[in-house]
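Residues per chain, in single letters:
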Amino acid sequence: MNIQAAAANLVWTGACARGWRRFRRALRDPARTQRALLTRCLEANRDTQIGRRYDFARLLQSSDVVRAYQDGVPIVSYDDVEPEIARIASGEAGVLTRAPVVRLTPSSGSTSPVKLIPHTADLQREFSDAIDAWIVDLNLKHRSVIGGPAYWSITPARSFERAASRVAGGGAAVPIGFGEDSEYLGGFRQRLVDAVLAVPAEVRHITDPDAFRYVTLLFLIRERGLRLISVWHPSFLLLMLESLPAIFDRLVDDVARGTVTPPSALPPRVHAALAPLVWPDPLRAKELRKLGSAESRVLWPELSVVSCWADGPARPYADRLRRAMRVVHVQAKGLIATEAIVSIPFGSRHPFAIRSHFFELLDAANRPCLVHELEPGAEYTVIVTTGGGLYRYALGDRVRVNGWIGETPSIEFVGRGDRVSDRFGEKLSDGFVTAVLAEIFARGPVPRFAMLAPEAIGDGVAYTLLVEPDGALGVDLARLLERALRRNPHYAWCVDIGQLRPARVVRVGPHADRAYLDVCVSRGQRLGDVKPVSLHDQSGWEQALGGAHSRPVENAAL
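Residues numbered from 1 in each chain as written. Predicted model: local features only at pLDDT ≥ 70, side-chain atom pairs only at ≥ 80, totals over all residues. Heavy atoms only, no water.

S.K.: Looking at this structure, how should I read the overall build of the chain?
M.R.: Scanning the chain from terminus to terminus reveals 20 helices and 17 strands. Across the 558 residues of the chain, 55% fall into the buried class. Across the chain, contacts joining residues at least 24 apart in sequence account for 69% of those joining residues at least 6 apart. Accessible surface computed for the chain: about 23500 Å², of which carbon and sulfur atoms make up 52%. (Helix = DSSP H or I, 4+ residues; strand = E, 2+ residues; numbered from the N terminus. Buried < 20%, exposed > 50% of the residue type's maximum accessible area, 1.4 Å probe, protein only. Contact = heavy atoms within 4.5 Å. Areas by Shrake-Rupley, 256 points an atom, 1.4 Å probe, with all protein chains shown as cover.)

Here is the structure:
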């Protein structure tokens, strides 16, 4: 047992217990909980620019504040609120929230490469409330987690922040970028989380994928008593584990010497921050050499839980991870976005985080439903109102009701409902891809047909531009495509760490547009509903649109 980590985990669990009890009570009456949360949000922000525009004060006087809110405030996308966020970035206060915006956090955009999500102290508390309930539930079910350190997946920051700064014009008055993942908890809880981390937060400043993977694994194999791994997409952990055998001896040498020697040099500032955190550990190195195996169960005999996405497109990768980790419990992570935390693992289900944000769900007829009005087995699209200043914001995620806890529905993620393809976290949108295709075909004839889709190639997936040209294809089209797609930092990172293969171009046809129509109808769409798209989130189009006539044009090496 790691005494320091165990003590921090116990104190953290105790600090979360009140939130866990409140969440458990709230599950019995989601309607009342959600109504009270919306009322507080409108009251807090009635004097903001958005509050005056939609007259929050008048809405609050209604006998049915929820219905008045739905009637008086429109459902919006990010593109609708982007002008307000631009004013926030320039330093204007009181635009969407009374609480100051402390950070603009980047995520993949709809028509631009990056969108900027306002982060306030109120939003931080909302995330913290949900995480409190999850952490206590996790520790009650898997008590051994308390006894040692954990790995919380760290997102490399720099490439995302560079792209976000370009979107904001490079001179934003509000900080742009990611804080440490533990900052979602804030204050005392943040310090407790930092005390149990197996991999220090400084690793997030390593942008070279091989170096990032190496340093992460170095800190992980030093921790024999690792108890919990929390990542986003399961393929991230699978790729790390698959890379272990080739670098195992080098890692063990670093453990023995107390050094950090990744395959590419670290930035001096990062190396200086990491150096004091490693020290010679010849006993652990000797144990590792004696084990002679890079298998996870051998390296971390105390590992109890792996938390990751396990629904929708991530399901087959989670199944692979379960087979790879064997006796370790793989827990399906809740639905968490940059904008909001929608659901959490709790009581063997995944209920809505009803104490955090106000939720509406659009049904198949695009009618807004409340949490307590949902039907078993039905699918919905998520709309959120948050303390970060997003009001009736279309999140774009589709969910299915798969049970209840008390009176609150449990959900599973089905996929994106807003023409977004997101296999591994790349979040490519139809609007962004439309702009990319217009750019790469700007100098030549417009093709008769062009559509990007994630296609299986060998043992991986590559976004493939399926094109029927009107003339010759440019010799460097795949290179231009990959370079343009990499402006989306989530996509670039997925390629860099091997979750995706680089983009490719395939000639299809003839009459690919007719073939596309026929396939859509065969897949169940009504003929009148079939529309041309720049991006399709399903696979199998290379064969369907070209058959034996399809061939890769070139590799996309940059």
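S.K.: I would appreciate a short explanation of a positive patch on the surface in the present structure.
M.R.: Together, Arg18, Arg21, Arg22, Arg24, Arg25 and Arg28 line one region of the surface with positive charge. Looking at the secondary structure, you find Arg25 in helix H1 (residues 3-26). On the basis of relative accessibility, which here comes to 47%, the residue Arg25 falls in the partly exposed class. (Patch = residues over 30% accessible without salt bridge, like charges linked within 9 Å, V, L, I, M, F, W, Y side chains within 5 Å. Salt bridge = Lys/Arg side-chain N within 4 Å of Asp/Glu carboxyl O. Lys, Arg positive; Asp, Glu negative; His and termini not counted. Charge placed at Lys NZ, Arg CZ, Asp CG, Glu CD.)

S.K.: I'm lost on the packing of aromatic side chains in this one. Help?
M.R.: Working definition: an aromatic ring pair is given by the centre-to-centre distance plus the angle between the planes. Scanning the entire structure with this criterion turns up 13 aromatic pairs. On the basis of an interplanar angle of 85 degrees and a centroid distance of 5.4 Å, the ring pair of Phe212 and Trp493 is categorised as edge-to-face. With a gap of 281 residues between them, Phe212 in helix H10 (residues 209-222) and Trp493 in helix H18 (residues 489-496) connect regions that are remote in the sequence. Judged by its relative accessible area of 2%, Phe212 falls in the buried class. (Phe/Tyr/Trp six-rings, centres within 6.5 Å; stacked < 30°, edge-to-face > 60°.)

S.K.: How should I be thinking about the side chain of Ser343 in this particular structure?
M.R.: Locating Ser343 in the fold gives a position in the loop between strand E6 (329-332) and strand E7 (358-362). Ser343 sits in the buried class, given a relative accessible area of 4%. Ser343 has contacts with Gly334, Leu335, His350, Pro351, Phe352, Ala353 and Ile411, leaving out every residue within four places of it along the chain.

S.K.: In this structure, what is going on with the nonpolar core? I would like to understand it.
M.R.: Grouped burial of nonpolar side chains is what soluble globular proteins tend to show. If you look at the biggest cluster of nonpolar residues, it comprises 82 residues, and the most contacted ones within it are Leu104 and Phe352. The element contributing the most residues to this core is helix H7 (residues 121-141), with 9 residues. With residues up to four places along the chain from it excluded, the contact list for Leu104 reads Ile85, Ile88, Ala89, Leu116, Ile117, Pro118, Val174, Pro175, Ile176 and Gly177. Counting residues in each nonpolar core, the second largest holds 74 residues, with Cys308, Phe432, Ile440 and Ala484 among its members. (Core = buried A, V, L, I, M, F, W, Y, C linked by side-chain atoms within 4.5 Å.)

S.K.: Where do I start with the sheet that holds strand E11 (residues 408-416) in this structure?
M.R.: Each strand in a sheet pairs with its neighbour through backbone hydrogen bonds, running either in the same direction (parallel) or in the opposite one (antiparallel). In space, the 5 strands of this open sheet follow the order E8-E7-E9-E10-E11, with antiparallel pairing throughout. Of all the strands in the sheet, the pair left with one neighbour each is strand E8 (368-370) and E11. If you compare each strand with its neighbour and ignore which way they point, the axes differ by 45 degrees on average. Direction of pairing for strand E10 (residues 393-405) relative to E11: antiparallel, over a ladder of 8 bridges. Pairing of Asp397 across the sheet is with Arg416, part of E11. The strands that helix H5 (residues 65-72) touches are E7, E8 and strand E9 (379-385); relative to E7, the one it contacts most, it runs at about 60 degrees. (Pairing = 2+ DSSP bridges. Axes fitted to C-alpha atoms, helices over the stretch in contact; angles between N-to-C directions.)

S.K.: Can you walk me through the sheet that holds strand E5 (residues 305-308) in this structure?
M.R.: The sheet built from 4 strands is open, its strands ordered E3-E4-E5-E6 with parallel pairing. Where the open sheet ends on each side, the last strands, each with one partner, are strand E3 (150-152) and E6. Taking each pair of neighbouring strands and ignoring which way they run, the sheet shows an average axis angle of 15 degrees. Relative to strand E4 (residues 228-230), E3 is paired through 3 bridges, and the arrangement is parallel. Note on E4: the bridge partner recorded for Ala150 is Leu228.

S.K.: Is there a simple way to explain the confidence of the model for the chain in this structure?
M.R.: Detail in the predicted coordinates should be disregarded across regions flagged by low pLDDT. Summing up the model confidence of the chain, the mean pLDDT is 87 and the portion of residues at 70 or higher is 90%. Considering only residues more than four positions removed or in separate chains, one finds that residues 547-558, a stretch of pLDDT under 50, has 35 contacts. (pLDDT = per-residue confidence, 0-100.)

S.K.: Hey, could you run me through the pairing of strand E14 (residues 449-457) in this one?
M.R.: Each regular strand displays side chains that alternate between the two surfaces of the sheet. In the sheet, E14 pairs with strand E15 (residues 460-468) via 9 bridges, with the strands oriented antiparallel. From the neighbouring strand, Leu452 faces E15, where its bridge partner is Leu465. Where E14 hands over to E15, the hairpin turn is made up of 2 residues, of which Gly458 adopts a positive phi near 60 degrees.

S.K.: Teacher, can you tell me more about the environment of Val270 here?
M.R.: Here Val270 lies in helix H12 (residues 268-274). Exposure remark for Val270: the relative accessible area of 3% places this residue in the buried category. Expressed as a C-alpha distance, the spacing of Val270 and Arg204, which sit 66 residues apart in the sequence, is 9.3 Å. Excluding anything up to four places from it in sequence, Val270 contacts Glu202, His205 and Ile206.

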